[in-house]
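Observations on the model geometry
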Amino acid sequence: MSTSPYIGDREYFPGIGKIAYEGPESDNPLAFKRYDANKRVAGKTMAEHLRYATCYWHSFCGDGSDPFGPGSRSYLWNDSSDPMTNARQKMDAAFEFFTKLGTPYYCFHDRDMAPEGDSVAQSEENLFAMVELAKQRQAETGMKLLWGTANAFSNPRYMNGASTNPNFDVVAHAGAQVKAALDATVALGGENYVFWGGREGYISLLNTSTKRELEHMARFLTMARDYGRSIGFKGTFLIEPKPMEPTKHQYDFDAQTVIGFLRHHGLAGDFQLNIEANHATLSGHTFEHELQLCADAGLLGSIDANRGDAQNGWDTDQFPVDLYDAARGMLVVLEAGGFKTGGLNFDAKVRRESTDNEDLFLGHIGAMDTFAHGLEVANAIIEDEALSAPLAQRYSSFDSGAGKDFADGKLDLAALRDHAASAGEPEKISGKQEQLENLVNQYLLKSF
Ligand code: XLS
Ligand code: NI
Ligand code: NI
């Protein structure tokens, strides 16, 4: 493994070394205060629990442009007039960043890594050339691929959808892209493959057959699953729900919608869910609600860790800094047995106004500290049975007697009536929400 502070022949983040754990008293902005990769929590290291990933797109492709103006950052790795040279430089910058920061995983879209060519064949050639370099960089640095995916939403050909496009020729192009992205993911040892259906939805019902589009989406995902398995992909396929943006309505609206869809089409199991915090809030739910419903269904795969803005309703993809949300999220993850193939991918971007080279580090450092604290809080709550004991107590009337018979399907409606008649008016039992909220805060304030 390389000991050089950077990869290739150029340093893209000069002046920044390997980010170290310095503890809660440190005043160094470029150090971890909570995330101590090798610290053991409940039998595993923090690194093993959290499985952090850096994303390629926001981190190395996003230049801060928004609908009102061009990018506010220019990158050293984009200084060539040859797109493939820039792609190689970008990859070296990315691996320099990953290794300095210390996220063991990364994630990418096909088009983040390699420029699209003039034909399907040329695009494939570009991607596979970059995959060769990524393979080499992974071997040199020990970095691993959490997931790959295809960007089937940016190119204007996908304006009416990818697998749900009303024009079959476009669906075929999406298929070509997913096939190549699956090949790339397998070649790089990716542990998951993600589908985020950016434009898989509709803008107007006047021109849309939702029935046909949903059938096509299921057909397409089945083909992708079968192809992936045929080339030896052993990992998890993940659907990332989002209710809207860019389309008015997206078919993968939220966790419950996706779980129903996967079960209906026989895809549950091969497919699990990748829950993004900001998408959860866009759908009118909380982060932990989405995680909990996946956990209940046995389909909690992975997380895109970020946050929205409380005052507006779009996907701001900010770095997660909310300790409460992180603790609640990690509680669900730990209770579900922890990540298997999934992890915490920072699908987050620095603000347009954040123009220093170090800002990308600072965003990730804060996010990694946030979830490290969340992990410890959640673990302490679980170890003390602080929430699980009152929860079990709350449902204990179903653990024996007629309540158990009901839960086991042994009672009919007439029997329920007879039970009510003989038991009389039920006693009032407090939900104790305030007490439980105070208790969670007590754990949040603990030092570990
Ligand atoms: C966009 C999505 C996207 C996916 C990958 O809102 O979060 O970044 O994670 O296509
Ligand atoms: Ni995402
Ligand atoms: Ni998002």
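Here's a quick rundown of the structure. Note that the coordinates shown come from a computational prediction; the quantities given were computed from them, not determined experimentally.

So, the site of ligand 1
Inspection of the region around ligand 1 gives W57, H109, W147, W196, E240, K242, E276, H279, D304, D315 and D347 as its neighbouring residues. A distance of 3.0 Å is found between an oxygen atom of ligand 1 and a side-chain nitrogen or oxygen belonging to K242. At 3.0 Å, a side-chain N or O of D315 approaches an oxygen atom of ligand 1. With the chains in place, 94% of the 290 Å² that ligand 1 exposes on its own is no longer accessible.

So, the coordination of the nickel ion (ligand 3)
Looking at the nickel ion (ligand 3), one finds its protein donor set to be E276 (OE), H279 (NE2), D315 (OD), D315 (OD) and D317 (OD), positioned 1.9 to 2.8 Å from the metal centre. One chain supplies every donor for the nickel ion (ligand 3), spaced along it as E-x2-H-x35-D-x1-D. A spacing of 4.4 Å is found between the nickel ion (ligand 3) and the nickel ion (ligand 2), which share E276 as a donor.

Notes on the pattern of salt bridges
Overall, the coordinates contain 21 salt bridges when judged by the stated rule. Linking R157 and E116 is a salt bridge whose minimum nitrogen-to-oxygen distance equals 3.0 Å. Here R157 is found in the loop between β7 (144-149) and α6 (168-187), whereas its partner E116 is found in the loop between α4 (110-113) and α5 (120-141), with 41 residues between them in sequence. Salt bridges sharing partners connect three or more residues here, namely D110, R111, E116 and R157.

Some words on the environment of A162
Take A162: it is sitting in the loop between β7 and α6. For A162, the contacting residues outside a window of four places in its chain are A152, V170, V171, A174 and E200.

Quick look at the coordination of the nickel ion (ligand 2)
On the protein side, the nickel ion (ligand 2) has E240 (OE), E276 (OE), D304 (OD) and D347 (OD) as donor atoms, found 2.0 to 2.1 Å from it. Viewed at the metal, the six donor atoms of the nickel ion (ligand 2) are separated by angles of 79 to 174°, and the geometry they form is octahedral. With relative accessibility at 1%, the residue E276 sits in the buried group.

Here we look at helix α16 (residues 433-444)
Here α16 spans 17 Å end to end across twelve residues, near enough to the 16 Å set by a 1.5 Å rise per residue. For α16, the set of buried residues is L439, V440, Y443 and L444. In a view along the axis of α16, the buried residues occupy a sector of 145°, so they form one face of it. Of the residues in α16, the exposed ones pointing more than 90 degrees away from the buried face are E434, N438 and Q442. Buried residues along α16 sit against α11 (323-335) and α12 (359-383).

Regarding empty space enclosed by the protein
This model, assessed by the stated rule, comprises two cavities of 30 Å³ or more. Here the largest cavity is characterised by a volume of approximately 210 Å³. Lining the largest cavity are 21 residues, and of these A152, F195, W196, G197 and E200 lie nearest its centre. Of all the elements in the fold, those that place two or more residues in the lining of the largest cavity are α6, β8 (192-195) and α7 (210-230). In the lining of the largest cavity, the residues fall into 14 nonpolar, four polar and three charged. One number sums up the size of the second largest cavity: a volume of about 40 Å³. Taken together, P241, K242, P243, F253, I275, E276, H279, A280 and E290 form the lining of the second largest cavity.

So, the packing of aromatic side chains
This structure, assessed with the given rule, holds 25 aromatic pairs. A ring pair is formed by F13 and F97, whose centres lie 5.5 Å apart and whose planes are at 55°; its orientation type is tilted. With F13 in the segment before β1 (20-21) and F97 in helix α3 (residues 83-101), this pair connects stretches of sequence that are 84 residues apart. Across this residue pair, the class does not change: F13 and F97 are buried. Ring centres of F60 and F97 lie 5.7 Å apart, and the angle between their planes is 75°; on these two criteria the pair is classed as edge-to-face. Of this pair, F60 sits in helix α2 (residues 56-61) while F97 sits in helix α3, and the two are 37 residues apart along the sequence. A relative accessible area of 1% means that F60 is categorised as buried. Residue classification places F97 among the buried positions, given a relative accessible area of 0%. By the ring-pair criterion, three or more aromatic residues cluster together here, those being Y12, F13, Y56, F60, Y75, W77, F95, F97, F98, Y106, F108 and F361.

Brief notes about the side chain of D110
Assignment of secondary structure puts D110 in helix α4. Among the polar contacts made by the side chain of D110, one reaches the main-chain amide nitrogen of N151 at a distance of 2.8 Å. Here the side chain of D110 touches Q177 through a polar contact of 2.7 Å, side chain to side chain. Apart from residues no more than four positions distant in its own chain, D110 is found in contact with L127, T149, A150, N151 and Q177.

A short note on the sheet that holds strand β6 (residues 105-109)
Each strand in a sheet pairs with its neighbour through backbone hydrogen bonds, running either in the same direction (parallel) or in the opposite one (antiparallel). Judged by pairing direction, the barrel is parallel, and its eight strands sit side by side in the order β5-β6-β7-β8-β10-β12-β13-β14 before closing back on the first. Between one strand axis and the next, the sheet turns by 30° as a mean value, whatever way the strands run. For β6 and β7, the ladder comprises five bridges, and the chain directions are parallel. Looking at β7, one finds that Y106 is bridged to L145. Across the sheet, α6 touches β6, β7, β8 and β10 (236-239), and the angle it forms with β8 is around 155°.

What counts and what doesn't
- Residues numbered from 1 in each chain as written.
- Chains lettered and ligands numbered in written order.
- Predicted model: local features only at pLDDT ≥ 70, side-chain atom pairs only at ≥ 80, totals over all residues.
- Heavy atoms only, no water.
- Near = heavy atom within 4 Å.
- Polar contact = N/O pair within 3.5 Å; in protein donor to acceptor, adjacent residues only side chain to side chain.
- Areas by Shrake-Rupley, 256 points an atom, 1.4 Å probe, with all protein chains shown as cover.
- Donors = N, O, S within 2.8 Å, 3.2 Å for Na, K, Ca; no water.
- Salt bridge = Lys/Arg side-chain N within 4 Å of Asp/Glu carboxyl O.
- Helix = DSSP H or I, 4+ residues; strand = E, 2+ residues; numbered from the N terminus.
- Contact = heavy atoms within 4.5 Å.
- Tetrahedral: all angles 85-135°; square planar, octahedral: opposite > 155°, others 65-115°.
- Buried < 20%, exposed > 50% of the residue type's maximum accessible area, 1.4 Å probe, protein only.
- Expected span 1.5 Å × (residues − 1).
- Arc of directions from axis to C-beta.
- 1 Å grid on protein atoms, 1.4 Å probe; cavity = no way out; pocket = protein on both sides within 12 Å on 5 of 7 lines; lining within 4 Å.
- Points joined across faces, edges and corners; volume = space filled by probe spheres on them.
- Nonpolar A, V, L, I, M, F, W, Y, C, P; charged D, E, K, R; others polar.
- Phe/Tyr/Trp six-rings, centres within 6.5 Å; stacked < 30°, edge-to-face > 60°.
- Pairing = 2+ DSSP bridges.
- Axes fitted to C-alpha atoms, helices over the stretch in contact; angles between N-to-C directions.

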